[in-house]
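A closer look at the structure
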Amino acid sequence: MHEPRHQFHENLRALEAQALDGLDLVIQQLDRSLESISYQDVELAGMVVADDDRIDGRYLEVHQGILSLLARQAPVAGDLRIVAALLHVIRCVERMGDQCVNIAKLVPLSGYEAPKDKDILDAIERMGRLARSQVSQAKQAFAGRNTELAQDLVRQDMEINRLNREIFRRAVEVGDNLDLREWAMFMILVARCLERIGDNTVDIAEQTVFVVTGLFREFADASNPPETARTP
Amino acid sequence: MIPPETTSKEQTDMSTGGHSERSQSPLQASASPPPANKTGHGVTVKNLNAYYGSQRSIKDVTIDFPPNEVTAIIGPSGSGKSTVVRCINRMHEEIPGARAEGQVLLDELDVYGDGVDVTAVRRLIGMVFQKPNPFPTMSIFDNVAAGLRLTGTKSSDLRHLVERSLHSVGLWDEVKDRLNEPGIGLSGGQQQRLCIARTVAIEPEVILMDEPASALDPISTLKIEELIDELKERYTIVIVTHNMQQAARVANTTVFMLDGEVIEHDATSKMFTNPTDERTERYVTGKFG
Amino acid sequence: MSAVSTSLPEISPRRRRTDKVMRASLLVATLIALVPLVLIIYFLIKEGLSAWSGSFFSTDPNGNFFGNPGGVRSAILGTLEMIALATLIAVPIGIGVALYLVEYGKQSAFANLVRYFIDVMTGVPSIVFGLFIYISLVINHVGNVSFAGWKGSVAVSLLMLPVVARAAEVVLQLVPDSLREAALALGAPRWRVVSRVVLPTALPGLVTGSLLAVARGMGETAPLLFTAGATFIASANLNQQMNSLPVQIFTDIASPRSAVVARAWGAALALVTIILLLNLIARFVSRRSRMA
């Protein structure tokens, strides 16, 4: 005999899996958009833009699922926190997807055979790898209700922020070549997108802590430097 | 293609702390200031033990019911929640072989003290039951007046008091033209409101409700809940309910009981968003019951 | 999707037969039970109705060997008077006992003992009550008389008491506990709960039960023989011998005079009619209360 409300908890688990699997889609999109930046692959970039529909579709599905669950099951306590957190999480997934699209849209604009600065490109690739690992870790933290892993995301995010600043500095010093300068400007925008992706993973980390402890504390991130917000 | 600005988030502490905080939770939209002058009467149950014969059904229970608030007691069947409430107005001892030990303080007065008149206690602590029980041989008017007549209070003002009672439960307009018709001719929801009118007619200080809406249809249930919300302005209310959503809607604080003991006692919003005890969490999310 | 409609198995012929046999045998049993009832009523009416006349109800029996034997006025009056007094004794006490058992005694040892005794009393033959009163009140000339109407009332009341108590207990137990709880929770002392809530609610049932006890008491001959005695004259004085319908029938039926025998049948019909009327009133009252 199943425990009472078995069906409800099954549905909740399925909804969570659906939302978190969206993060896998984000990783896919991220990989491809970064590849298209590195190799100036306009076709690949086009695919990234088109595939964002999948992420948007998932957002709508999860959103509908949450509304349905709220209306019909009246979740409380831990269940309620999970449902509320999933709303945030799927929103983050959708935003991250949008950031990937933004990156991809910069590819044709930055020119077909534009000159590149190796240092900047390296930094972008490092940022990309970091962002990717953050997304993966965010999924792991939330699914495993692991507050330590969630906490750790803040540390990683600080590295992304540092790289962002470094790219900006490099871009400013890049020299007089007009084409190069233009390309560097676009790279600043790409870095910004990646930095935003990092911020979203920190959001997911905050939601993880909320689900586990019932407390919502803002982690240190770009808008909230570590000196002013002491994480618990 | 500038990505949108990330908005800054307000820091929200969703936990509202222990039940010592009487003010409203930040989650509630309307932040009405607490009333300045509470003329209400609080009840405190202290170290209460209740027995059916030799079997102890309530184990050393201590609960504080704040004045002019609604406190709900939830828990699975057999948790002792109805017994606690029946000990407050000393109805428990009407069952053959049943007894209670401990203190029940109405303000400073111990209801179980020596020489205390049980019937006087019950005039101060009224009770509404699960199944509406208007007196079948009496008219609507007589039912409301029954409390006054049964307690020997001769009142030339009976008509006025009955009218006032019926107004306070929102029944006046529905019955004002048929006060002499039998009380049992009303619908279930109306009958329950009639019983509440009967209880408030003698102007108690506390109203105990033992699953008052569980025998009613959903619309009547909501009307009763609204009534409870209004009544708490003048009375202290304790409600036993097995319907958690009802407790969530109606009560300021909630007590969770299990096997005759109090497991958790906290602001309702905390109890249903972030309970402290694992057993409470499992009960309210329906993992057992 | 296959379209198989719901179908039910057929009733077997064996079951049909069993059904019919069952119905037939129950019908036969009912008819057998009805036959004596119908015969009694038939004989009562056939033999008794002819004796009814104006003088039947307005004159007393006169014990004459010749001529008009008289009517049964004193018997009817006597029955009514004695039963009235018996009711006055048995009903309040019977209801009182029932109230004690239901409201206070409940399941205590003493209460169960009382219940047992009441059950025993319902089984005691009515003649024993008559003898008891004879030995205790009649022989000792209590009240300066031997046989008296009131002593007959006492004997009949003893008979009625357990009937009233039993019926009242059932009716009082039917009053839902929730009503008592409601009254107690309002702060009423228990006696007020009983008088203002329990009794009024049980009233129709109590009336019915009492009327049935009265009907029972009316028909008893044996106790009256030893206590009220027999006389011809009508009187309102209960402290002397009093006539009654059962006793009148008893003495008349042995008479060699056919007119007197006819009078006995008439009296029997009258008695049955009175009892029938009481039963109808009891039914009417209980139906009224059920519709309320």
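Residues numbered from 1 in each chain as written. Chains lettered and ligands numbered in written order. Predicted model: local features only at pLDDT ≥ 70, side-chain atom pairs only at ≥ 80, totals over all residues.

1. Quick word on the overall build of chain B
Rules: Under the scheme used here, helices are H or I runs from DSSP no shorter than 4 residues and strands are E runs no shorter than 2 residues, and both carry numbers assigned from the N terminus. The exposure label follows from counting other C-beta atoms within 10 Å of a residue's C-beta, where the C-beta atoms are placed from the backbone and the thresholds are 20 or more for buried and 12 or fewer for exposed, leaving partly exposed in between. Contacts here follow a simple rule: the backbone-placed C-beta atoms of the two residues must lie within 7 Å.
Looking only at helices and strands, one finds 10 helices and 10 strands in chain B. Across the 289 residues of chain B, 45% fall into the buried class. Of the contacts formed within chain B by residues at least 6 apart in sequence, a portion of 69% connects residues at least 24 apart.

2. Considering the overall build of chain A
Note the threshold: We compute the radius of gyration over the C-alpha atoms and compare it with the globule rule, which gives 2.2 Å times the number of residues raised to the power 0.38.
Per the secondary structure count, chain A includes 6 helices and 0 strands. Over its C-alpha atoms chain A spans a radius of gyration of 19 Å, differing by no more than 12% from the 17 Å that the globule rule assigns to 232 residues. Along the longest, intermediate and shortest principal axes, the C-alpha atoms of chain A span 70 × 40 × 25 Å. Contacts in chain A between residues far apart in sequence, at least 24 positions, make up 78% of those at least 6 positions apart.

3. Examining the pairing of strand β10 (residues 261-267) of chain B
Residues and elements named next belong to chain B. Test applied: Paired strands are those between which DSSP finds at least two bridges.
Summarising the sheet, strand β9 (residues 253-258) and β10 pair through 6 bridges and their orientation is antiparallel. Directly across from Leu 258, in β10, lies its bridge partner Glu 261. Where β9 hands over to β10, the hairpin turn is made up of 2 residues, of which Asp 259 adopts a positive phi near 50°.

4. As for the sheet that holds strand β8 (residues 236-240) of chain B
Residues and elements named next belong to chain B. Note the following rule: Only the stretch in contact is used when fitting a helix axis, every axis being a line fitted to C-alpha atoms; angles between N-to-C directions are given from 0 to 180 degrees.
The sheet built from 6 strands is open, its strands ordered β6-β7-β8-β3-β9-β10 with mixed pairing. Taken across any chain shown, the strands that pair with only one partner, and hence form the sheet edges, are β6 (125-128) and β10. The average angle at which neighbouring strand axes cross in this sheet is 20°, direction not considered. In this fold helix α6 (residues 188-201) packs onto β6 and β7 (206-210), with an angle of close to 175° to the strand it touches most, β6.

5. Structural notes on the packing of α6(B) against helix α7 (residues 218-231) of chain B
All names here are of chain B. Selection rule: Reported orientations rely on four angle classes, namely roughly parallel under 35 degrees, roughly antiparallel over 145, roughly perpendicular from 65 to 115, and oblique for the rest. Here a crossing is taken to be left-handed if its near helix is turned anticlockwise relative to the far helix by less than a right angle, and right-handed if that turn runs clockwise. When residues are grouped by polarity, Ala, Val, Leu, Ile, Met, Phe, Trp, Tyr, Cys and Pro land in nonpolar, Asp, Glu, Lys and Arg in charged, and all others, Gly among them, in polar.
Relative to each other, α6 and α7 sit at 20°, their axes nearing to 9 Å. Of the possible angle classes, the one that applies to α6 and α7 is roughly parallel. In this structure, α6 meets α7 at a crossing whose hand is right-handed. Each of Gly 188, Gly 189, Gln 192, Arg 193 and Ile 196 in α6 lies in contact with α7, whose residues at this interface are Ser 220, Lys 223, Ile 224 and Leu 227. Of the residues belonging to the contact of α6 with α7, the class tally is 3 nonpolar, 4 polar and 2 charged.

6. Regarding the interface of chain B and chain C
Contacts between chain B and chain C engage 22 residues on the former and 18 residues on the latter. Counting residues per element, the ones that place at least two in the side of chain B that touches chain C are α2 (118-124), β6 and α3 (140-150) of chain B. Per element, the largest residue contribution to the side of chain B that touches chain C is 4 residues, and it comes from α2(B). When grouped by side-chain class, the residues that make up the side of chain B that touches chain C number 11 nonpolar, 7 polar and 4 charged.

7. A word on the arrangement of the chains
When the 2 pairs of chains in contact are compared, the highest contact count belongs to chains A and B. Across all C-alpha pairs, the smallest distance from chain A to chain C is 28 Å, and the two are not in contact.

8. A few points about the sheet that holds strand β4 (residues 98-106) of chain B
Residue and element names in this part refer to chain B. Overall, antiparallel pairing links the 4 strands, which are arranged β2-β1-β4-β5 in an open sheet. What marks the edges here is a single partner per strand, and that holds for β2 (55-65) and β5 (109-110). Across the sheet, helix α1 (residues 81-88) is in contact with β1 (43-52), β2 and β4; its angle to β1 comes to roughly 115°.

9. Observations regarding the packing of helix α7 (residues 177-185) of chain C against helix α8 (residues 190-218) of chain C
In a pair of packed helices, the angle between the axes and the distance between the axes together describe the arrangement. Residue and element names in this part refer to chain C. Orientation of α7 relative to α8, taken along the N-to-C sense of each, is 155°, at an axis distance of 10 Å. Taken together, α7 and α8 sit at an angle that is classed as roughly antiparallel. Where α7 crosses over α8, the two elements pack in a sense that is right-handed. Every residue of α8 that contacts α7 at Leu 179, Arg 180, Ala 183 and Leu 184 is listed here: Val 193, Val 197, Val 198 and Thr 201. Among the residues making up the contact of α7 with α8, the classes are represented as 6 nonpolar, 1 polar and 1 charged.

10. Notes on the environment of B:Phe256
Residue and element names in this part refer to chain B. With respect to the helices and strands, the residue Phe 256 is situated in strand β9. You can call Phe 256 buried: it has 27 C-beta atoms within 10 Å. The spatial distance from the C-alpha of Phe 256 to the C-alpha of Ile 74 is 5.0 Å, given a sequence separation of 182 residues. Aside from chain neighbours lying at most four places away, what touches Phe 256 is Ile 74, Gly 75, Ile 263, Glu 264, Met 271, Thr 280 and Tyr 283.

11. Quick notes on the pairing of β9(B)
Here is the key point about a regular strand: its side chains alternate between the two faces of the sheet. Residues and elements named next belong to chain B. Counting buried positions over the 6 residues of β9 gives 6, a clear majority of the element. Burial of the side chains of β9 extends over both faces: Thr 253, Val 255 and Met 257 are buried on one face and Thr 254, Phe 256 and Leu 258 on the other. Two strands pair when backbone bridges link them, and strand β3 (residues 70-74) and β9 are joined in this way by 4 bridges, in the parallel orientation. By the bridge assignment, Thr 71 is partnered in β9 with Thr 253.

12. So, the environment of B:Gln191
All names here are of chain B. Residue position: Gln 191 is located in helix α6. A count of 23 C-beta atoms within 10 Å places Gln 191 in the buried class. Separated by 59 residues in the primary sequence, Gln 191 and Val 250 have C-alpha atoms spaced 21 Å apart. Look past the residues within four positions of Gln 191 in its chain and what remains in contact with it is Pro 132, Pro 134 and Leu 186.

13. Some points on the nonpolar core
Put simply, the rule is: To count as a nonpolar core, a set of buried Ala, Val, Leu, Ile, Met, Phe, Trp, Tyr and Cys residues must be joined through C-beta atoms within 7 Å.
Counting 211 residues, the largest nonpolar core has A:Leu86, B:Ile239 and C:Val164 as the members making the most contacts within it. Looking at which element gives the most residues to this core, the answer is helix α3 (residues 77-109) of chain A, with 17 residues. With residues near it in sequence (within four places) discarded, A:Leu86 still touches A:Leu15, A:Glu16, A:Ala19, A:Val62 and A:Ile66.

14. Some thoughts on helix α1 (residues 13-48) of chain C
Residues spaced three or four apart along an α-helix face the same direction, because each turn holds 3.6 residues. Going by this rule: Helices are assigned an expected span. That span is 1.5 Å times one less than the residue count. Bending is quantified residue by residue as the angle between axes fitted to the seven-residue window ending at that residue and the seven-residue window starting at it.
The first and last C-alpha atoms of α1(C) sit 52 Å apart over 36 residues, in line with the 52 Å expected at 1.5 Å per residue. If you look at α1(C), its biggest bend is around 25°, right at C:Leu34, and the proline C:Pro36 turns up within four residues after that.

15. Regarding unusual backbone geometry
Excluding glycine, residues mostly carry a negative phi; peptide bonds, for their part, are mostly trans. The phi torsion at B:Glu203 lies on the positive side, around 50°, for a residue other than glycine. Among the residues examined, B:Glu203 registers 16 C-beta atoms within 10 Å and is labelled partly exposed. Positioned with a positive phi, C:His141 is a non-glycine residue whose angle comes to about 50°.

16. Looking at helix α6 (residues 178-213) of chain A
Its 36 residues place the ends of α6(A) 53 Å apart at the C-alpha level, agreeing with the 52 Å of an ideal helix rising 1.5 Å per residue. The positive-phi residue at the C-terminal boundary of α6(A) is A:Gly214, with phi of around 80°.

17. Some points on the confidence of the model for chain A
Worth spelling out the cut-off: For every residue, the predictor assigns a confidence score, pLDDT, that lies between 0 and 100.
For chain A, the average pLDDT comes to 90, and 91% of its residues sit at 70 or higher. A low-confidence stretch, residues 228-232 of chain A stays under pLDDT 50, and its non-local contacts, those more than four residues away or across chains, total 9 contacts.

18. Some details on the confidence of the model for chain B
Residue and element names in this part refer to chain B. The pLDDT averaged across chain B works out to 86; a share of 86% of its residues lies at or above 70. In this model, residues 1-37 is a region of pLDDT below 50 whose contacts with residues beyond four sequence positions or in other chains number 44 contacts. Our summary of model confidence lists the complex with pTM equal to 0.79 and ipTM equal to 0.83.

19. Side note on the environment of C:Tyr42
In this structure, C:Tyr42 sits in helix α1. In this structure the C-alpha to C-alpha distance between C:Tyr42 and C:Leu80, which are 38 residues apart in sequence, comes to 25 Å.

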